[in-house]
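# Structural overview for review
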Amino acid sequence: MNIENQLMIEQKGSLGLISLDRVKHLNALSLEMIEGICSQLELWRYDAAIQAVLIKSNSPKAFCAGGDIRYLYDSYKNDTADYKGYFSAEYKMLNLLRDYAKPVVVVLDGYVLGGGFGLAQACHIVVSSEKSRFAMPETAIGFFPDVGATHFLSRLDDIGVYLAITGEQISSSDALYLDLIDYHVPSDKLDALQEALINEPNLSKQNIEHIVACFITRPAESELKQLTETIRKHFGFQHLDEIEQSLANEQDEQLQPWTEKMLSILQQRSFIAKQTSLKLQHLGRGLSLPQCMQLERDLQDIWFEHGDFIEGVRALIVDKDKQPQWQQRNPELEQILEKLS
């Protein structure tokens, strides 16, 4: 067992274990963690003693709360281009995980947000407990859902739009309903599941799935499932103003508390972040995963100059005044988005 790069690395049986161990920061992915995961995967790639990899968290609250946004903010403010290097390393990690020849299992038990959500989606077998809460909350800090969300959320059509622009959290029951996780295993069974995997002499993907299936239980009913028609009704439009107008015009008194809440959330968000997120979700439907990832990378590198990320992080994390001064318009960014479509 060694703790380095805010990761705990172990080998048990034929299983390689990577535990995220930046607990005080809810495992927000530092550059060291990202590079450490890549290095470990490379070490295990040709190690015959390792048949499969399991990624989990040492935090009781979170699998991973996202990217290290304070590091990105400081990098930009200090006039370094380190933020570009961070994104480059993060996307290398996601591609490495996705294309890994050995099965990669991820176990989620707590918050799965932003970059953590992207990390989980890149793994081959996604197991979650009832404690998990999922979200892509980037618009709250003047950014857009990245780490492959242009692909994995856009496959959900209008529900993907809803999750991308509001940043609302969903439960593990909702995630299972939307096919964003593969298996629901109760939190108190996760240790036993890990032991069963450690004791399995043949960790093929098929055998792993067979073992996981022995621990699954039926989760609580998905609340999102009940909202699906309402979400489609309001979030199926091409333009932001149409979505907001639709929410404002809801006539059903039973649905009005929800539509009013969603409208209030959207009105607090950065206009250009919402507009970009909506555009990416619509574009993503017609693109492959590599195309979606490339589109996100191109936008990331210009966003710090033209987007609202720096102001969003300042208001919510640095100064904590919660009073972001969002841009009303950004003609240069609008031109760039126009070229994308």
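Going by the structure above, here's the rest.
First things first, this report covers the structure right here in the doc. (Residues numbered from 1 in each chain as written. Predicted model: local features only at pLDDT ≥ 70, side-chain atom pairs only at ≥ 80, totals over all residues. Heavy atoms only, no water.)

A word on the pattern of salt bridges. A full pass over the atoms with the stated rule returns 16 salt bridges. The partner of K261 in a salt bridge is E168, with the nearest N and O atoms 3.5 Å apart. Highlighted residues: K261 in helix α12 (residues 256-268) and E168 in the loop between α6 (158-166) and β10 (170-171), separated in sequence by 93 residues. Classification of E168 as buried rests on a relative accessible area of 16%. Among the salt bridges present, the one from E311 reaches R314, with a minimum N-O distance of 2.9 Å. Note that E311 and R314 are positioned in helix α15 (residues 309-318) at a spacing of three residues, about one turn of the helix. Accessibility assignment for this pair places E311 and R314 in one class, buried. A cluster of three or more residues bridged by salt bridges with shared partners is formed by E311, R314, D319 and D321. (Salt bridge = Lys/Arg side-chain N within 4 Å of Asp/Glu carboxyl O. Helix = DSSP H or I, 4+ residues; strand = E, 2+ residues; numbered from the N terminus. Buried < 20%, exposed > 50% of the residue type's maximum accessible area, 1.4 Å probe, protein only.)

Okay, the pairing of strand β8 (residues 125-128) next. Burial along β8 is two-sided: I125 and V127 facing one way and V126 and S128 facing the other are all buried. Judged from the four bridges that link them, strand β6 (residues 104-108) and β8 form a sheet pairing that is parallel. If you follow V105 over to β8, its bridge partner there is I125. (Pairing = 2+ DSSP bridges.)

Here we take up the side chain of D308. Note that D308 resides in the loop between α14 (289-306) and α15. Here D308 is buried and forms no salt bridge, its nearest opposite-charge partner K274 lying at an N-O distance of 9.8 Å. The residues touching D308, leaving out its near neighbours within four places in the chain, are I141, G142, S270, I272, W303, W326 and Q327. (Lys, Arg positive; Asp, Glu negative; His and termini not counted. Contact = heavy atoms within 4.5 Å.)

Take the packing of helix α10 (residues 223-235) against helix α11 (residues 240-248) next. Taken N-terminus to C-terminus, the directions of α10 and α11 make an angle of 125 degrees; their axes are 8 Å apart at the nearest point. Compared by their axis directions, α10 and α11 come out oblique. Across the interface between the two elements, K233, H234 and F235 from α10 touch I243, S246 and L247 from α11. The residue inventory of the contact of α10 with α11, partitioned by class, reads three nonpolar, two polar and one charged. (Axes fitted to C-alpha atoms, helices over the stretch in contact; angles between N-to-C directions. Parallel < 35°, antiparallel > 145°, perpendicular 65-115°, else oblique. Nonpolar A, V, L, I, M, F, W, Y, C, P; charged D, E, K, R; others polar.)

Honestly, it's all geometry; don't read function into it.
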